[in-house]
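Structure at a glance
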Amino acid sequence: MKHQQLPAPDEFHVQAGADAVGDARRRIVLAARHWNVPLSDSALADVELCASEIITNALTHAGDECWVRTHWTGQFLQVEVTDRSLRPPVSSTASPDDTSGRGLAMVECFSHAWGWVPKELGKTVFFIVAAEAVLTGTTRLSALARTAQACITQARSTALWASDTRRRRKARTRGQALRASTAVEALDGAGWSA
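What comes next is a walk through the structure. Keep in mind that what you see is a predicted model, and the values were worked out from it rather than measured. Once a new chain begins, its residue numbering starts again from 1 and follows that chain's sequence as written. Note on the predicted model: pLDDT of at least 70 is required for a residue's local features to be given, and 80 or more for side-chain atom pairs to be given and counted; whole-chain, interface and lining totals, by contrast, use all residues. Note that the side-chain values use all heavy atoms of the structure and ignore hydrogens as well as water.

**Description of unusual backbone geometry**
Short version of the rule: Only protein chains enter the calculation, and the probe is 1.4 Å; a residue is then buried if its accessible area is under 20% of its type maximum, exposed if over 50%, and partly exposed in between.
The phi dihedral of Asn36 falls on the positive side, at around 60°, and the residue is not glycine. Given the relative accessible area of 66%, Asn36 is considered exposed.

Spelled out as structure tokens, the structure:
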């Protein structure tokens, strides 16, 4: 039996800045493509969305820097974001008028699992996305249904607050417009319409 050689993890430092989150998520997807990870374009879009959320959370709530580690296990793509805050991540339920607060709920819907572990000087928040072949039958259908529901909820709430120009400007600066666009694209990719 031939043993498959797994690629070395991709690890890098992220410093807060205008393009920091975008550059980081693109690097994660490029690593996955370079490793020939068996994830569809839709699944890689989910990886981008989840990475954006936890990197943005780290830079916004835990300081101006974080460390990202992307790892292919042979079955899962795992992305870890380590910051210097001891405060655990909190998944909250945002009202339709809120322009933030949906991040971890979306990570929960778009990834196959997520969590966090405390570190001596902070914490690591992680999520995993399974290779397409791992999710089959009812499990795959359930994952698609959760994703579609999250997309519909996000698209509806985005429509409510995007009509206000002032909120739209705030959303762009916080990356909300990108998250909403990615959610709608994922919804379209899954064959659902809002």
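**Let's talk about the pattern of salt bridges**
Defined as follows: Only one rule defines a salt bridge in this text: a Lys or Arg side-chain nitrogen within 4 Å of an Asp or Glu carboxyl oxygen. Only DSSP runs of H or I covering at least 4 residues are called helices, and only runs of E covering at least 2 are called strands; the numbering of each starts at the N terminus.
Summed over all chains, the structure comprises eight salt bridges. A salt bridge links Asp10 to Arg27; its shortest N-O distance comes to 2.8 Å. Here Asp10, found in strand β1 (residues 10-15), pairs with Arg27, found in helix α1 (residues 20-34); they are 17 residues apart in sequence, far enough to count as distant. Judged by its relative accessible area of 36%, Arg27 falls in the partly exposed class. What emerges from the salt-bridge pattern is a single network uniting Glu11, Arg69 and Glu80.

**Brief notes about the packing of α1 against helix α2 (residues 41-61)**
Rules: Fitting a line to C-alpha atoms yields each axis, with helices limited to the stretch in contact; the angle taken between N-to-C directions then spans 0 to 180 degrees. Crossing handedness follows the turn of the near helix against the far one: under a right angle anticlockwise gives a left-handed crossing, and clockwise gives a right-handed one. Contact between two residues is taken to exist if any of their heavy atoms lie within 4.5 Å; hydrogens are not considered. Gly counts as polar in this scheme, as do all residues outside two lists: the nonpolar Ala, Val, Leu, Ile, Met, Phe, Trp, Tyr, Cys and Pro, and the charged Asp, Glu, Lys and Arg.
For the pair α1 and α2, interaxial distance at closest approach is 9 Å and the crossing angle is 140°. Helix-helix and strand crossings are classified by hand; for α1 and α2 the assignment is right-handed. When α1 is examined against α2, the residues Ala20, Val21, Ala24, Arg25, Ile28, Val29, Ala32 and Arg33 are found in contact with a partner set consisting of Asp41, Leu44, Val47, Glu48, Ala51, Ser52, Ile55, Thr56 and Leu59. Across the contact of α1 with α2, the residue classes tally to 11 nonpolar, two polar and four charged.

**Digging into the environment of Pro9**
Counting through the fold element by element, Pro9 comes out in the segment before β1. Residue classification places Pro9 among the partly exposed positions, given a relative accessible area of 27%.

**Section: the sheet that holds strand β3 (residues 76-83)**
Our working rule: Here, a strand pair is defined by DSSP locating no fewer than two bridges between the strands.
Strand order in the open sheet made by the five strands is β1-β2-β3-β5-β4, with antiparallel pairing throughout. For this open sheet the edge positions go to β1 and β4 (113-119), each flanked by a neighbour on one side alone. In this sheet, adjacent strand axes meet at a mean angle of 20° when their direction is disregarded. Examined bridge by bridge, β1 and strand β2 (residues 65-72) share six bridges and lie antiparallel to one another. Within the sheet, the bridge partner assigned to Asp10 lies in β2 and is Thr70. Its contacts with the sheet put α1 on β1, β2 and β3, and the angle it makes with β1 is roughly 170°. Strand contacts of α2: β1, β2, β3 and β5 (122-130), with the helix running at about 10° to β3, the strand carrying the most contacts.

**Looking at the environment of Ala45**
With respect to the secondary-structure elements, Ala45 resides in helix α2. The spacing of Ala45 and Phe110 is 65 residues in sequence and 9.3 Å in space, taken between C-alpha atoms.

**Quick word on the packing of α2 against helix α3 (residues 103-110)**
Basically, it comes down to this: When describing relative orientation, an angle under 35 degrees is termed roughly parallel and one over 145 degrees roughly antiparallel, while 65 to 115 degrees is termed roughly perpendicular and anything else oblique.
Put simply, α2 and α3 touch, their axes get as near as 9 Å, and they point 150° apart. Taken together, the axis directions place α2 and α3 in an arrangement best described as roughly antiparallel. Here α2 and α3 pass one another in a crossing that is left-handed. Facing Asp46, Leu49, Cys50, Glu53, Ile54 and Asn57 of α2, the residues of α3 in contact are Gly103, Leu104, Met106, Val107 and Phe110. A class-by-class count of the residues in the contact of α2 with α3 yields seven nonpolar, two polar and two charged.

**Looking at the nonpolar core**
Soluble globular proteins tend to bury their nonpolar side chains together. Here is the rule: In this description, a nonpolar core means a group of buried Ala, Val, Leu, Ile, Met, Phe, Trp, Tyr and Cys residues linked to one another through side-chain atoms lying within 4.5 Å.
If you look at the biggest cluster of nonpolar residues, it comprises 36 residues, and the most contacted ones within it are Val14, Ile55, Val68 and Phe127. When residues of this core are traced back to their parent elements, those giving at least two are β1, α1, α2, β2, β3, α3 and β5. Tallying contributions element by element places α2 first for this core, with 10 residues.

**A closer look at α2**
For clarity, the cut-off: Under the convention used throughout, the expected extent of a helix is 1.5 Å for every residue step, that is, one less than its residue count.
With 21 residues, α2 extends 30 Å between its outermost C-alpha atoms, agreeing within 8% with the 30 Å of an ideal straight helix rising 1.5 Å per residue. Counting buried residues in α2 gives 15 out of 21 residues, a clear majority hidden from the surface. Looking one or two residues past α2, Gly63 carries a phi angle of roughly 125°, positive in sign.

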